[in-house]
Amino acid sequence: METTVDRAFIRRAVELGDLNAVRVALYQQTHDPELAALPVAAKLTERDREVLVTKAVDWLEVNAGPGMPEEPSPTELRALMDMATGEEMSDLEFEARRDIPAFRPFPWYAQWSKARPELPEGFKAVVIGSGFSGLAMGIQFELLGIPYLVLDRQPEPGGTWSINRYPGIRVDTASITYEFSFEKNHPWTEYYAQGPEVRTYLEHIAKKYGVLANTRFGHTLQSATFDESRNLWQLDVTSPDGAETVEANILVNALGTFTNPRLPQFEGQDGFGGQVVHPSQWPHDLDATGKRVAVIGNGSTGVQMVSPIAEKAEHVYVFQRTPQWISPREKYGAEVETEVRWLLDSFPGYWHWWRYMSVAGLFGTHGFLVPDEEWQAGGGTFNPMSDKLRDDLTAYIRAQTEGRQDLVDRLVPDYAPFSRRPVVDNGWYRALTSDNVDLVTEPITRLTESGVETADGVVHDVDLIVTATGFDVVKYLWPARYAGREGLDVQEFWAPDGPRAYLGMMVPNFPNMFVLYGPNSQPLSGGTSLPMWYVIWASYVGQLVVRLLEDDASSVEVTLDAYERYNKALDAESSKLLLLQDYGAPEKNYYVNEFGRLQVNAPWYGPDFHRMCTQVAWDDLEIS
Ligand code: NAP
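Residues numbered from 1 in each chain as written. Predicted model: local features only at pLDDT ≥ 70, side-chain atom pairs only at ≥ 80, totals over all residues. Heavy atoms only, no water.

Going by an unreviewed UniProt entry, the protein carries the name NAD(P)/FAD-dependent oxidoreductase and comes from Streptodolium elevatio.

And the structure:
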């Protein structure tokens, strides 16, 4: 049906939109001082709000049309960013955040300092993995004109978004933050896109930017061995056509963090008469309709799938070992309205500022991680922000479960929010109140022929068991074998206390090799979406490869001294944070490894980590 864009339609669009984004986009077009004088959306009076909406509608009625605004000057950009949040930021924060609104399509990506030098004969980079970070890396090589090959064991690009196809899968941070700056205003149909749409977006990127043509699917890396005499990697790769050896001057591991599913083996599992499935291995023809289903686990995956499964299944048993803090997201599951789609397409700048506001909500998260001793001495539990969030989320649990004390008692965690990766509520709490859903918190003792037996001796009869039990996230660079200088095995190098890397990317004795989204790289705080980080890390690699080739060198490696210094500082920083303290329940957290070390996250304040990854400390590297 044809949409009539009249004044009423435009008004609906503006009112459905993010009013901070509306204000800044409009100010960028008009420089109307009255707009600058208004406060942020949360503080608008009714009258202020009417002024803003009317100004926007008036302007759009005359000026709406396609197009994106020019990049503002740094001074103007910073003023607009401050206006959007109502807060000033430091120079460090500005540097880290200035590309969130994504006026520049390719920020961070490395460039040649002069014309591209002649490359050594046969020079080639190999990227393992064609998910988000592998694509970001491929595009860096495209931009530099460096020959590269991407190998992926899957039959298509997309990485985790190609692999995971369980019911209910979707992004749990806003779709708009899942876009690369060079491919913006994707027509997402939902505020939080479902898995297949993310897959389509990534396929589109792979095709449009040339990476697909350089990718070989169905290829699995078995081992990588550094040849010191030639400064290159020998990669043993298998595919349905057999085994082959591929040579790489540069090896980039873009393997993803959630790669190796944790597949529990319960006693009696072989004798279970039904089907056991891990969400990452969901068979395409598996349908829970009419089935009795056990969902084991309440992490982001388990919580995402219970409600859609319960709508179809005869009965669902939800097995919870540890309660999680599970929070709501506005517009989670909602379609992007026609009016908002129009706003995105017809209001120049709105996309940029909505994206900025979508990320800005996370700028303060570091505050949840740092204890406040004074507050604790006065009777507080952790710090004011954290305690308030705990109380708000507890109230949310009560409301969602309609005050059912039997559920509330078992659902409220005894550790602080943000100790673990926050989980988003996809109607999980509500589903627990349905007649066909039971929450089971008795420990699982074994599987019987007919179902799941718990410590109280009850057998829960089911046809299907979904083990939403997570991933072996501490197994970096695994199961392939990596041998660096003098045949050193990377797992042996890491044996004392688990995987480590310099900036999450480089390991001494493993020259010309990089890991994207490697050990201790997942930013904990500071507000920059993961797709932006993939580009930042790929650009770091780009900078080093540019230097290598411009210097006519053949090997780049982090020094042992820099690696050790970095990790010492990282451990010291980690120890200050909630995640390693008692109230963070580190023993129950997959971010913490078996040695009690923070393993997955970068403990740094986001803008600090951004600086480390964008301003190369050349003295930490050996280039020869
Ligand atoms: P997870 O967070 O590690 O959760 C695993 C769950 O299984 C936990 O509840 C765990 O209990 C339970 N469990 C593990 N082994 C068990 C056993 N033997 N018996 C009983 N329960 C067991 O894994 P996930 O849910 O797959 O999520 C992993 C990560 O993937 C997330 O943190 C997130 O980063 C990402 N993810 C993102 C999205 C998205 O929307 N973007 C969606 C899904 C996942 P305990 O807590 O007691 O260990």
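Here the narrative resumes.
With that out of the way, let us pick up the site of the ligand. Taken together, the neighbourhood of the ligand is formed by 24 residues, with Arg170, Asn298, Thr301, Thr322 and Tyr590 sitting nearest. In this structure, Arg170 approaches the ligand through a main-chain N or O atom, which is 2.7 Å from an oxygen atom. The side chain of Arg420 places a nitrogen or oxygen atom 2.9 Å from an oxygen atom of the ligand. Protein chains shield 87% of the accessible area of the ligand, which is 910 Å² for the free molecule. Here the shell around the ligand is composed, by residue class, of nine nonpolar, nine polar and six charged. There are two domains that each give the shell around the ligand at least three residues, and those are domain 2 (125-260 + 474-618) and domain 3 (269-325 + 376-467). (Near = heavy atom within 4 Å. Polar contact = N/O pair within 3.5 Å; in protein donor to acceptor, adjacent residues only side chain to side chain. Areas by Shrake-Rupley, 256 points an atom, 1.4 Å probe, with all protein chains shown as cover. Nonpolar A, V, L, I, M, F, W, Y, C, P; charged D, E, K, R; others polar. Domains from an automatic or database assignment.)

As a further point, take the environment of Asp463. Looking at the element boundaries, Asp463 is found in the loop between strand S16 (459-461) and strand S17 (464-467). Residue classification places Asp463 among the partly exposed residues on the basis of a relative accessible area of 26%. On a C-alpha basis, the gap between Asp463 and Leu389 in space is 39 Å, while along the polypeptide they are 74 residues apart. Ignoring sequence-local partners within four residues, the contact set of Asp463 consists of Phe272, Gly274, Gln275, Lys291 and Arg292. Polar side-chain contacts of Asp463 include one of 2.7 Å to the backbone nitrogen of Arg292. (Helix = DSSP H or I, 4+ residues; strand = E, 2+ residues; numbered from the N terminus. Buried < 20%, exposed > 50% of the residue type's maximum accessible area, 1.4 Å probe, protein only. Contact = heavy atoms within 4.5 Å.)

This paragraph deals with helix H12 (residues 350-360). Counting buried positions over the eleven residues of H12 gives ten, a clear majority of the element. For H12, the full list of buried residues reads Tyr350, Trp351, His352, Trp353, Trp354, Arg355, Tyr356, Met357, Val359 and Ala360.

Time to look at the sheet that holds strand S19 (residues 513-515). The parallel open sheet is built from five strands, whose spatial order is S3-S2-S1-S7-S19. The open sheet is flanked by strand S3 (215-217) and S19, the only strands paired with a single partner. Within the sheet, the average angular offset between the axes of one strand and its neighbour, ignoring direction, is 15°. Inspection of the sheet shows strand S1 (residues 125-128) paired to strand S2 (residues 148-152) by four bridges, in the parallel sense. In the sheet register, Ile128 faces S2, and the bridge partner there is Leu151. Running at roughly 165° to S1, helix H7 (residues 132-144) makes contact with S1, S2 and strand S7 (250-253) of the sheet. (Pairing = 2+ DSSP bridges. Axes fitted to C-alpha atoms, helices over the stretch in contact; angles between N-to-C directions.)

Let us now look at the domain arrangement of the protein. When cut into domains, the protein gives domain 1 (7-98 + 336-360), domain 2 (125-260 + 474-618) and domain 3 (269-325 + 376-467). Inter-centroid distance (C-alpha atoms) of domain 2 to domain 3 is 31 Å. Taken together, the contact pairs 19 residues of domain 2 with 23 residues of domain 3. For the pairing of domain 2 and domain 3, the buried interface totals around 1900 Å² over both sides, and the portion due to carbon and sulfur atoms is 57%. (Buried area = accessible area lost by both parts, 1.4 Å probe.)

The residue after Trp478, namely Pro479, is reached through a cis peptide bond having omega 5°. Counting through the fold element by element, Pro479 comes out in the loop between S17 and strand S18 (481-483). Phi angles above zero are rare outside glycine, and Leu503 is one such case at about 55°. Following the sequence through the fold, Leu503 ends up in the loop between helix H17 (490-494) and S19. Unlike most non-glycine residues, Asn520 shows phi in positive territory, near 55°. Here Asn520 falls in the buried class, since its relative accessible area comes to 0%.

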